[in-house]
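Residues per chain, in single letters:
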Amino acid sequence: MDEVQDSERLGVRRGRQRQLTITSLSEDQQSAMNSSIDSLQNDLSLVKTQWHNIISTDSNPLEIALAFLDDTSVGLGYRYNEFNQLEATLGNHLQEVVNEHAQAFNANVASYTKSVFALTDAQERTTQLKKDFKTVTDLITMEKGNLDELDQKCLQYTNMINSLSQIEELIKIPEAIEDNIRKEEFKGVQALIQRSFVILNSPKLKSVKQLAPIRQQIELQEHILFENIIQEIHNIIYSKNGLSKTDSNILKTISIFQNGFTSLENYLFNIANIDIVKQSKLLNGNLEEFIKLLHDNNGFKDTELMKENDTQQSEYYRIFNLLSLIKGTNRLPSALTILTERAKEEIHSIILKSTEQVRLKHPTLLKMVNKSVTEDTFGPSVNQIFSLVMRECFWEIFLKLLSAIQGHRVIFEIASFLQNSPTSHNGYRFDKVWKKLLDEVQSLLRRYLINSNLITSSHNTTTNDIEQSEPERKRLDKIFSLQDNIDEDDISKKQAGDLKSLLKDIFLGFTVNSNIDLNNIYLEDETFEQEEPLIPPSVFNMKVILEPFLLFSQASSNLIPPLLSKDSVSSIIFFNKIMEKSFFPKLRDTLDHLFISKVERNNNFAVETIDDTKIILKSAVDFQKLFYHEISVLNASNIFRVDMIDLLLETLSKFFHYMTNIFNSILDGTDKNLGKNLLKEWFKDEALIKLEESIITGNIDAINVEADALYQHCKGFYSTANHLISGDYLNNVMFESLVHLSSTLTWINSWLPQLRRTIDSTEPHHVSSTMVLNADQLRDKWSFFEYSDLSSLDNKIGHVSLLLNDESLGKFNKFIAGFKDLNLKSLSLMRFDIRARCLYKIGSLFNSTKDWKLEVGGSEIDSNISGLISDLRRVEDKLNKQKMEDAKDTVFTGIDMVNNMAFIKGARSITVLNHNGIKKMERNINVLQHGIRNMYHEASNVTTLGHALNFYELAGSSERDLIAKLEAKELTMFSPDDLKTILRLQFSEDFATQKKRASAMAGKSMSMAKPLNRRYDTALKTIETLTK
């Protein structure tokens, strides 16, 4: 208590002292600080456990650096990247510790400085007190014995005896005033106060000090009268005693409890049919009539002022009467100032009381709604009773706000009339009240519409007016500074510098700007505590806010006095600014968040079964539900709005890029460290891609050139140097994902085009931003569709459509074409993958065996061919499970030409081939041919490996047969190099025998070699001549 009294005597405001010295951290901030310390501790633990043999207190940096440069088995070169990563992690976590503790460091600096100045101030005040005590002591001693003064006092007492009757009347006046104040008879109170001051200021009583308590009591009662009048005015304009009859009628219209609707459809019909423009005129009717009567009749008579009836005009008359009374006390300017300054608090109180009333009435519903409504939903559903409660709550709030600003306009007009001054200079700052009102509306919308926890893409992050907290407070002047007593040469400057240096030594990495401005530490005016919203914030809460917000905006659009309208923002302009610059970007961010949380956050390759058998990507199923829900909520099936369609097309664009990224991730799934990444090489060839798309779309003739185009990127696939490996095609998991992707794209192309519903593009669906719209037009532009249960849409997929004009239809068709093109690429990748498998397996066959001079012709199948058949059957099985018969034939079409090419080109690696080798090769070719034939769905698509069989049959014949068929033009399917390979294989066994004999008869004449070589050269020249 002593400390409190001392503080009061010293004029120290203790509430502000606590605010200066105590800095509290939120749970999130404290958690972030602890988390940063934990991260750094984990890094240090990692160094101790995994690097203790390398890095210690005795380690030599030069030795460690040399070890990292040593790439041998005994060096540390293999851990060099890991060491760099450790360094980056430690640096990031150290920076994070500094960043997270920066506020605490700065707070400690500020608290220390503030404490020093508070102690200095206390010492100065103590010195002043000592001086005051000495002065008071000196004044206690008075000169005694002044007979003239006593004589004068005696004369005064004589006059007082003569004024006893007036004093008796004066003594009774305070009680009479109290009675009139209780009865709220303010005019009678004013008359009594005026009479009392007449008596007190009379020459005989004016100097009577004994009447000072009565004077003080009367002055207090005058102040109480003033405050009561101000409070009465507040009660009227802020609807503290209930809404007016007109406002109550609107609440009855939208209240489901007062109307007893039997169905949600009837309730929504009633809401949708509120004529906002008409209701706005009705709500302003009494105000306009009052203003007209005020100026036309040159005021009102007392009988008009005091009439009591249940109309809004009587309240305006009451305000006129009350302000007239205040003017009679010469305190009208003070009253107008108070009404202006208290406006923000009273407006904020309207919102607080309305929401608190809901909390008290529906505590159970509050708990339920916080569980059912999250940021991943589309806001409160109309089938939830709490959405109806919230709708009524917002209607009440905006009607009271409208009534309040109407009351302030009445005060503005009355002040102009009573002061007989121009409306722009009457002392009442209506423009200031208007701005405060808009600030509170903006804060209200921010609490219920803006969810700061949304996850959005970096390109969609927006900063706008509705997000900015305390928009007005940023421009307020500083009202108090702790540093006003610091001069440039003050020792505190040096102490502050010393403290900064000390902090730098204690906390490594702590930095402070060298030119820090100490004047930045100051108190601002107190802000109103913003209560938690009744429901989680979401842009979809606009469903319950839009109509009352629009009614408020429309009805208040003409309330700004004409001479103040130039410097004030109209409510309709304010509405448009909020919706276009704040709400709409946040709606985009919310849809972006929904896409991320419901689609992008999925495992890219997670699958879901539809139609009992078909397996597609789960993200596509989730996107369909999300997209259909968005179409329904944005009412895109019933009304065309360019902005809303653009949002839906942006969502579709995100999904298209998401699917494209899945395809790219599959294509990139081939091992980058092994092989030449053949699939990517083929995809880089635009001509080859066009050729594949042509085959997929039905141009079978294109398969004749496909094999050669593929071979251009893998020449020598049969050789040891250029042999393909398993990393050149997809593994089984990635191929299965590719099948799921293709099935998904086919499914998307089955329903997405059906959403299109074109409209007449000549209709003026797009409204220019410069056009001024009324409330009904704005409602059409921004309203959401009230669907009672979005989950039921899953069973009504066919009933959802998307209205598109010519421009948006063109964008939509591009996405459809994009999905079809992506499906073509998926099928092309499947075709490439199968062909890469064939080339790999057949190439392995030739790479493993170079000498085909076999002693016996065995019937066993090479393991590479049997493995290839197994791979192809696995592919067939995956496609069969997806019911992709047509796609299966598309994928396998042309594989015979590739296999023919592989067996023919691979023959170039054969060094020796005899009859038994040919039989074994033909056996492998026939088995592969039979296996492929059984994989086709349509018999007409069955292919053969006849070219390869014919090739090896010719290799087993003579050169005369080869030349004869070449002359007969029966070998057009073979290239000149292929014919030369056949000729070489025909002579390969003889050449091998000749070579063997030559090595056995070294140094002796080989007479038999000349005829054999002559035959080969002659046949080769003949082939070259015939193939020119």
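Conventions adopted
- Residues numbered from 1 in each chain as written.
- Predicted model: local features only at pLDDT ≥ 70, side-chain atom pairs only at ≥ 80, totals over all residues.
- Heavy atoms only, no water.
- Helix = DSSP H or I, 4+ residues; strand = E, 2+ residues; numbered from the N terminus.
- Buried < 20%, exposed > 50% of the residue type's maximum accessible area, 1.4 Å probe, protein only.
- Contact = heavy atoms within 4.5 Å.
- Areas by Shrake-Rupley, 256 points an atom, 1.4 Å probe, with all protein chains shown as cover.
- Salt bridge = Lys/Arg side-chain N within 4 Å of Asp/Glu carboxyl O.
- Phe/Tyr/Trp six-rings, centres within 6.5 Å; stacked < 30°, edge-to-face > 60°.
- Patch = residues over 30% accessible without salt bridge, like charges linked within 9 Å, V, L, I, M, F, W, Y side chains within 5 Å.
- Expected span 1.5 Å × (residues − 1).
- Bend = angle between axes of the 7 residues up to and from the residue.
- Core = buried A, V, L, I, M, F, W, Y, C linked by side-chain atoms within 4.5 Å.
- pLDDT = per-residue confidence, 0-100.
- Pairing = 2+ DSSP bridges.
- Axes fitted to C-alpha atoms, helices over the stretch in contact; angles between N-to-C directions.
- Parallel < 35°, antiparallel > 145°, perpendicular 65-115°, else oblique.
- Left-handed = near helix turned anticlockwise from the far one by under 90°.
- Nonpolar A, V, L, I, M, F, W, Y, C, P; charged D, E, K, R; others polar.

## Looking at the overall build of the chain
- A tally of helices and strands in the chain yields 40 helices and 8 strands.
- In the chain, which comprises 1028 residues, the proportion classed as buried is 47%.
- Sequence-distant contacts in the chain: of pairs separated by 6 or more residues, those separated by 24 or more amount to 80%.
- For the chain, the exposed surface amounts to about 53200 Å²; the carbon and sulfur share of it is 50%.

## So, the pattern of salt bridges
- The full count for this structure, using the stated rule, is 33 salt bridges.
- Between E706 and R835 there is a salt bridge whose closest N-O contact spans 3.1 Å. Residue E706 is located in helix α29 (residues 703–711), and its partner R835 is located in helix α32 (residues 806–848); the two are separated by 129 residues in the primary sequence.
- Taking the relative accessible area as the measure of exposure, R835 reaches 0% and is therefore buried.
- Taken together, the shared-partner salt bridges connect E692, E706, R831 and R835 into one network.

## Considering the packing of aromatic side chains
- Applying the stated criterion to the full structure yields 33 aromatic pairs.
- Measuring from centroid to centroid gives 6.2 Å for F584 and W782, while their planes differ by 65 degrees, and the two rings are edge-to-face. One end of the pair, F584, is in helix α24 (residues 571–600); the other, W782, is in helix α31 (residues 775–782), and 198 residues separate them in sequence. In terms of burial, F584 and W782 fall into one category: buried.
- Look at F623 and F627: their rings are 5.2 Å apart centre to centre, the planes differ by 15 degrees, and that puts the pair in the stacked class.

## Quick notes on a nonpolar patch on the surface
- Side chains of L62, L66 and L69 sit close together on the surface and give an oily, nonpolar patch of about 350 Å² of accessible area.
- Examined against the element boundaries, L62 turns out to sit in helix α4 (residues 61–69).
- Taking the relative accessible area as the measure of exposure, L62 reaches 56% and is therefore exposed.

## Things to note about unusual backbone geometry
- With a phi angle near 60 degrees, N330 is a residue other than glycine that sits in the positive phi range.
- Summarising the element assignment, N330 is placed in the loop between α16 (312–328) and α17 (332–341).
- Backbone geometry places N635, a non-glycine residue, at a positive phi of 60 degrees.
- Relative to the helices and strands, N635 resides in the loop between α25 (618–633) and α26 (642–667).
- Note on N635: relative accessible area 15%, which makes it buried.

## What about helix α14 (residues 276–296)?
- Between its first and last C-alpha, α14 extends 30 Å over 21 residues, near the 30 Å set by a 1.5 Å rise per residue.
- Of all the bends in α14, the greatest measures close to 40 degrees and is centred on N284.
- Taken residue by residue, α14 has I276, V277, S280, L283, N284, L287, F290, I291 and L294 as its buried positions.

## Here we look at the environment of V389
- Positionally, V389 belongs in helix α20 (residues 385–419).
- Owing to a relative accessible area of 6%, V389 belongs among the buried residues under this scheme.
- Separated by 27 residues in sequence, V389 and H362 place their C-alpha atoms 8.8 Å apart.

## A few points about the nonpolar core
- Of all hydrophobic cores here, the largest spans 248 residues; its most connected members are M659, F903 and Y952.
- It is α20 that provides the largest number of residues to this core, a total of 19 residues.
- Not counting residues up to four positions away in its chain, the partners in contact with Y952 are F846, F903, A907, I910, L913, I918, M921, E922 and I925.
- In terms of nonpolar packing, the next biggest core, distinct from the first, is built from 7 residues, V47, W51, I64 and L86 among them.

## Description of the confidence of the model for the chain
- Of all residues in the chain, 77% have pLDDT values of 70 or greater, and the mean over the chain is 78.
- Averaged pLDDT values for the elements of the chain fall to 38 in strand β2 (residues 522–523) and rise to 93 in α26.
- Scored below 50 in pLDDT, residues 1–21 shows 15 contacts in the model against residues more than four places distant or in partner chains.
- In the predicted structure, residues 258–262 sits below a pLDDT of 50 and forms 10 contacts with residues beyond four places in sequence or in another chain.

## Points about the pairing of strand β4 (residues 614–617)
- Both strand β3 (residues 607–610) and β4 contribute to a ladder of 4 bridges, which runs antiparallel. Within β4, the residue paired with I610 across the bridge is K614.
- Counting the residues that bridge the hairpin from β3 to β4 gives 3 residues, and of these D611 lies at a positive phi of roughly 55 degrees.

## Examining the packing of helix α9 (residues 186–200) against helix α10 (residues 212–237)
- As a packed pair, α9 and α10 sit with axes 10 Å apart at the nearest point and diverge in direction by 155 degrees. If you check the angle between α9 and α10, you find them roughly antiparallel. Between α9 and α10 lies a crossing of left-handed hand. In this structure, α9 contributes F186, V189, Q190, I193, S196, F197 and L200 to the contact, and α10 contributes R215, I218, E219, Q221, E222, L225, N228, I229 and E232.
- For the contact of α9 with α10, a count of residues per class yields 8 nonpolar, 4 polar and 4 charged.

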